[in-house]
Amino acid sequence: MTKKYNKFLSATADFNLENSPYYWITQVHAQYIQNVDHALKKYGLDNSRRRILLALKSKNKASVSDLSEMVISKMSTTTKIVYRLKDEGLVDTYCCEDDGRITRVLLTEKGQQMIQKINDLSHIVLEKSFDGLTPLQIEKMLENLKHIFKNLAH
């Protein structure tokens, strides 16, 4: 690695945690999850179930495998969450017509209503988190994060 990244590397003698991009990514993520979890408690939800519900909003009738990839979770964990959501009446499952090995998941009406509640709560958390940033700054941040993700995924 070239010297231009030295100040960001923990191996350097003068390393400062405050200069680590991954420190800040994890700090922001952890604080976001803490705030969202706190807000979701009033509906008996947690972040894991929220993520699955929102993934289904963007791709209803997704397979459990698709959901696992979308939320970057182990298949066994995703399966447990899906069946917990099913027990709560927020999703339903069925076997794929083309391949009986594939379980598809769809939102119920109750699940759709829960997504609206999640969105209302998330809006408050997002508005608070982006206070002082312009839409252009947020868009640039998204571009940068997508670029870093792409680098790490390949």
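Below, the structure is looked at part by part. For every chain, the first residue of its written sequence is number 1, and the numbers climb from 1 along that sequence. In keeping with the predicted nature of the model, local features appear solely for residues at pLDDT of at least 70, side-chain atom pairs appear and are counted solely at 80 or more, and the whole-chain, interface and lining totals rest on all residues. Calculation of side-chain values draws on the structure's entire complement of heavy atoms; hydrogens and water are dropped beforehand.

## As for the sheet that holds strand β3 (residues 103-107)
- Taken together, three strands build an open sheet; the order of strands is β1-β3-β2 and the sheet is antiparallel. Two strands lie at the open edges of the sheet, namely β1 (62-63) and β2 (91-95), each paired on one side alone.
- Contacts are residue-level and defined by heavy atoms, with any inter-residue pair within 4.5 Å sufficient. Between N-to-C directions, angles span 0 to 180 degrees; the directions come from axes that are lines fitted to C-alpha atoms, helices contributing only their stretch in contact. A run of H or I in DSSP becomes a helix once it reaches four residues, and a run of E becomes a strand once it reaches two; helices and strands are each numbered from the N terminus. Packing against the sheet, helix α4 (residues 75-87) makes contact with β2 and β3, and its axis sits at approximately 120° to β2. Following DSSP output, two strands are said to pair if at least two bridges run between them.

## A short note on the side chain of serine 73
- Within the secondary structure, serine 73 sits in the loop between α3 (64-70) and α4.
- Any pair of N or O atoms that falls within 3.5 Å is considered a polar contact. Within protein, one atom must be able to donate a hydrogen and the other to accept it, and sequence-neighbouring residues count only if both atoms are side-chain atoms. At 3.3 Å, the side chain of serine 73 and the side chain of threonine 78 are in polar contact.

## What to know about the packing of aromatic side chains
- Between rings of Phe, Tyr and Trp, where Trp is taken as its six-membered ring, a pair exists when centres lie within 6.5 Å; planes separated by under 30 degrees are stacked, by over 60 edge-to-face, and by other angles tilted. Tallied over the full model, the rule gives one aromatic pair.
- An angle of 75° between the planes, with centres 4.9 Å apart, marks the rings of tyrosine 23 and tryptophan 24 as edge-to-face.

## Structural notes on the packing of helix α1 (residues 21-40) against helix α5 (residues 109-129)
- Remark: α1 packs on α5, axes separated minimally by 10 Å, with the N-to-C direction vectors making an angle of 140°. Classed by the angle they form, the pair α1 and α5 counts as oblique. The handedness of the crossing between α1 and α5 comes out as right-handed. Judged by residue contacts, Tyr32, Asn35, Val36, Ala39 and Leu40 of α1 engage Ile118, Leu121, Val125 and Leu126 from α5. Note that the term roughly parallel is reserved for angles under 35 degrees, roughly antiparallel for angles over 145, roughly perpendicular for angles of 65 to 115, and oblique for everything else. Working rule for handedness: look at the near helix, and if it is turned counterclockwise from the far one by less than a right angle, call the crossing left-handed; if clockwise, right-handed.

## Some points on the nonpolar core
- Residue types Ala, Val, Leu, Ile, Met, Phe, Trp, Tyr and Cys, when buried and joined through side-chain atoms within 4.5 Å, form a set referred to as a nonpolar core. Using a 1.4 Å probe on the protein chains alone, a residue whose accessible area is under 20% of its type maximum counts as buried, one over 50% counts as exposed, and one in between counts as partly exposed. Core analysis: the biggest nonpolar cluster contains 24 residues, and Ile52, Leu53, Leu56, Leu67 and Val91 have the highest contact counts within it.
- Where this core is concerned, the elements lending two or more residues are α1, α2 (47-58), α3, α4, β3 and α5.
- With five residues, the top contributor of residues to this core is α5.
- Those residues within four positions of isoleucine 52 in sequence are excluded, and the remaining contacts are Leu67, Val71, Thr78, Ile81, Val82 and Leu85.

## Considering unusual backbone geometry
- Despite not being glycine, lysine 61 has its phi angle at roughly 65°, a positive value.
- Inspection of the secondary structure assignment puts lysine 61 in the loop between α2 and β1.
- Phi at isoleucine 72 takes a positive value of approximately 50°, unusual for a residue other than glycine.
- With respect to the helices, strands and loops of the structure, isoleucine 72 is situated in the loop between α3 and α4.

## With respect to the pattern of salt bridges
- Here, a salt bridge means any side-chain nitrogen of Lys or Arg that lies within 4 Å of a carboxyl oxygen of Asp or Glu. Scanning all chains against the criterion turns up five salt bridges.
- Of the charged contacts in the structure, one is a salt bridge between arginine 101 and aspartate 99, with a shortest N-O distance of 2.8 Å.
- Residues joined in a network through salt bridges with shared partners are Asp46, Arg49 and Glu88.

## A short note on α5
- Spanning 21 residues, α5 covers 30 Å between terminal C-alpha atoms, matching the ideal 30 Å at 1.5 Å per step.
- Within the span of α5, buried status applies to Gly111, Met114, Ile115, Ile118, Leu121, Ser122 and Val125.
- In this fold, the buried residues of α5 make contact with α1, α2 and β3. Helix span is expected to be 1.5 Å times the residue number reduced by one.

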